[in-house]
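What the coordinates show
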Amino acid sequence: ERRINWDGTSLIKYDGFWFPVRLFKPILSAQKYFKAKDTDIILSTLPKSGTTWLIPLTFCIVNRHIYPIAQSPLLTSSPHTIVPFLELNLYWEQTNPDLENIPSPRIFSTHMPYNVLPDSIRESECKIIYMCRNPLDHFISYRQFLLKNKIEKDAKPLDIDEAFDMFCQGIQLYGPYWEHVLGYWNAHLRNPEKVFFLKYEDLKKETTLYIKKIAEFIGFPFSLEEEEQGLIEEISKFCSFENLSNLEVNKTGKLMGMVEKRSFFRKGEVGDWKNYLTPEMAERVKELMENKLEGSGLMFKNYS
Ligand code: A3P
């Protein structure tokens, strides 16, 4: 089954999810060839859920003994260059890239839904950190991103009402939104040691607390001494929107030759949807949300 996405790009349905046609091959290659190691850390998100934030946080936690902040590779390279996407970078560029010699712990990012991940990720002892974002901000952030980056040459973006209607029907890259989030939520409930479930809004509100939790989850807990030295606050500040978005490396140039690096840093706020969506639209999502998440134990309280 095929459809046209809100930005005019072509989507194909596979395993219950919508994928860009051009990503179909890399996803199949990743499924076939990617061999997870027990020490791997997989950062998984729907697009526009704060992947560009989760990457530097995780990278700084893991590499804090190798790179003091003042020498961080994040000062001179984009987060997406330092932690590549499985399907958007590695298996896009090569069918079977050699990833064996990357020093452990290897960190990779992906937007793949839980049931589409390569089997070895689910079956190994590797850790998955999933970050989601409330549906309304996710939709607006995504729409603004797609308007800025024309991914296919002749693609014509839809107006906001049509795009919103498609979003509610679940038609978007890596969507339906609900199934993506619920797939990881249920995996987290089944095995909380394997899947850490994080909300953008919580990370925003209590950044240092969640940095601590992430560090513990991936087996790199902060010592009392490090805490007393203020290392968690230092990482939090370094990875903040204000700091990273002002680095020259994140302001200019493109990724994969087509996506403006600066478009990964737009506002970085909770509730920006109010500047674009009507209360009726929000109500429609609220009803959908109650329906879709009913009985799951998952809620988005602070989405408005
Ligand atoms: P907005 O468009 O609402 O500003 P992704 O990285 O998954 O593509 O998500 C991008 C969203 O995360 C954008 O949201 C972007 O501004 C926000 N973001 C990027 N870096 C951030 C940071 N360091 N802190 C908070 N939000 C950040």
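A brief look at the structure comes next. Since this is a predicted model, take the numbers as computed values, not measurements.

1. Remarks on the overall build of the protein chain
Looking only at helices and strands, one finds 15 helices and nine strands in the protein chain. Over its C-alpha atoms the protein chain spans a radius of gyration of 19 Å, differing by no more than 12% from the 19 Å that the globule rule assigns to 304 residues. Here the C-alpha coordinates of the protein chain stretch approximately 55 × 40 × 40 Å along the principal axes. Taking contacts inside the protein chain between residues at least 6 apart in sequence as the whole, the part at least 24 apart equals 75%. Working note: accessible area of the protein chain is about 13,900 Å², and carbon and sulfur atoms make up 49% of it.

2. Some thoughts on the nonpolar core
Within the largest apolar cluster, 63 residues are counted, with the highest numbers of intra-cluster contacts made by Phe 34 and Ile 121. In terms of residues, this core owes the most to one element, helix H8 (residues 177-190), which gives seven residues. Setting aside its immediate chain neighbours within four residues, Phe 34 contacts Ser 29, Asp 40, Ile 42, Leu 86, Tyr 91, Leu 99, Arg 106, Phe 108, Pro 118, Ser 120 and Ile 121.

3. Digging into the packing of helix H10 (residues 207-217) against helix H12 (residues 231-238)
Between H10 and H12, the least distance of the axes is 9 Å, while the angle of their chain directions is 110°. In terms of orientation, H10 and H12 fall into the roughly perpendicular class. Residues Thr 207, Thr 208, Ile 211 and Lys 212 of H10 pack against Ile 232, Glu 233, Ile 235 and Ser 236 of H12. Tallied by class, residues from the contact of H10 with H12 come to three nonpolar, three polar and two charged.

4. Let's talk about helix H6 (residues 135-148)
If you check H6, its first and last C-alpha atoms are 20 Å apart, about what 14 residues at 1.5 Å a residue would give, namely 20 Å. Summarising burial for H6: twelve of the 14 residues are buried, a large majority. If you follow the buried residues of H6, they end up packed against helix H7 (160-169), H8, strand S9 (259-260) and helix H15 (279-293).

5. Notes on the site of the ligand
Taken together, 17 residues form the shell around the ligand, and within it Lys 48, Thr 51, Thr 52, Ser 141 and Lys 267 come nearest. Cys 239 is positioned such that a nitrogen or oxygen atom in its backbone is 2.9 Å from a nitrogen atom of the ligand. The separation between an oxygen atom of the ligand and a polar main-chain atom of Lys 267 is 2.6 Å. Taking 570 Å² as the accessible area of the ligand by itself, protein coverage stands at 98%. Grouping the amino acids of the shell around the ligand by side-chain chemistry returns six nonpolar, seven polar and four charged.

6. Looking at the environment of His 111
Positionally, His 111 belongs in the loop between strand S5 (107-110) and helix H5 (119-123). Remark: the alpha-carbon pair of His 111 and His 180, spanning 69 residues in sequence, is separated by 9.2 Å. Setting aside its immediate chain neighbours within four residues, His 111 contacts Thr 45, Leu 46, Pro 47, Thr 51, Phe 85, Glu 87, Leu 88, Tyr 174 and His 180.

7. Considerations on the pattern of salt bridges
Throughout the structure, instances matching the rule amount to nine salt bridges. Where Lys 292 meets Glu 179, a salt bridge forms, and the shortest distance between an N and an O atom there is 4.0 Å. On the criterion of sequence distance, the pair formed by Lys 292 in helix H15 and Glu 179 in helix H8 is long-range, its members being 113 residues apart. Relative accessible area serves as the criterion here: at 35%, Lys 292 is assigned to the partly exposed category. Through salt bridges that share partners, Arg 266, Lys 267 and Asp 272 make up one connected network.

8. Observations concerning the environment of Glu 227
As for its placement among the helices and strands, Glu 227 is situated in helix H11 (residues 224-228). Separated by 15 residues in sequence, Glu 227 and Lys 212 place their C-alpha atoms 9.4 Å apart. Those residues within four positions of Glu 227 in sequence are excluded, and the remaining contacts are Lys 212, Phe 222 and Ile 232.

9. Comments concerning the sheet that holds strand S1 (residues 2-4)
With antiparallel pairing, three strands are arranged side by side in an open sheet as S1-S2-S3. Each end of this open sheet is capped by a strand with a single partner; those strands are S1 and strand S3 (17-20). When the angles between neighbouring strand axes are averaged without regard to direction, this sheet yields 35°. Contacting strand S2 (10-14) and S3, helix H1 (residues 24-33) crosses the sheet at an angle of about 35° to S2.

10. A look at the side chain of Gln 144
Mapped onto the fold, Gln 144 is located in helix H6. A relative accessible area of 17% places Gln 144 in the buried class. With residues up to four places along the chain from it excluded, the contact list for Gln 144 reads Arg 266 and Tyr 276.

11. Structural notes on the pairing of S2
Pairing of S1 with S2 involves three bridges; the strand directions are antiparallel. Within S2, the residue paired with Arg 3 across the bridge is Leu 11. One ladder, built from four bridges, connects S2 with S3; its direction is antiparallel. Residue Lys 13 lies in a different strand from S3, and its bridge partner there is Trp 18. In this structure, the hairpin formed by S2 and S3 is closed by a connection of two residues, where Asp 15 is found at a positive phi of approximately 55°.

Cut-off values and rules
Residues numbered from 1 in each chain as written. Predicted model: local features only at pLDDT ≥ 70, side-chain atom pairs only at ≥ 80, totals over all residues. Heavy atoms only, no water. Helix = DSSP H or I, 4+ residues; strand = E, 2+ residues; numbered from the N terminus. Rg over C-alpha atoms; globule rule 2.2 N^0.38 Å. Contact = heavy atoms within 4.5 Å. Areas by Shrake-Rupley, 256 points an atom, 1.4 Å probe, with all protein chains shown as cover. Core = buried A, V, L, I, M, F, W, Y, C linked by side-chain atoms within 4.5 Å. Buried < 20%, exposed > 50% of the residue type's maximum accessible area, 1.4 Å probe, protein only. Axes fitted to C-alpha atoms, helices over the stretch in contact; angles between N-to-C directions. Parallel < 35°, antiparallel > 145°, perpendicular 65-115°, else oblique. Nonpolar A, V, L, I, M, F, W, Y, C, P; charged D, E, K, R; others polar. Expected span 1.5 Å × (residues − 1). Near = heavy atom within 4 Å. Polar contact = N/O pair within 3.5 Å; in protein donor to acceptor, adjacent residues only side chain to side chain. Salt bridge = Lys/Arg side-chain N within 4 Å of Asp/Glu carboxyl O. Pairing = 2+ DSSP bridges.

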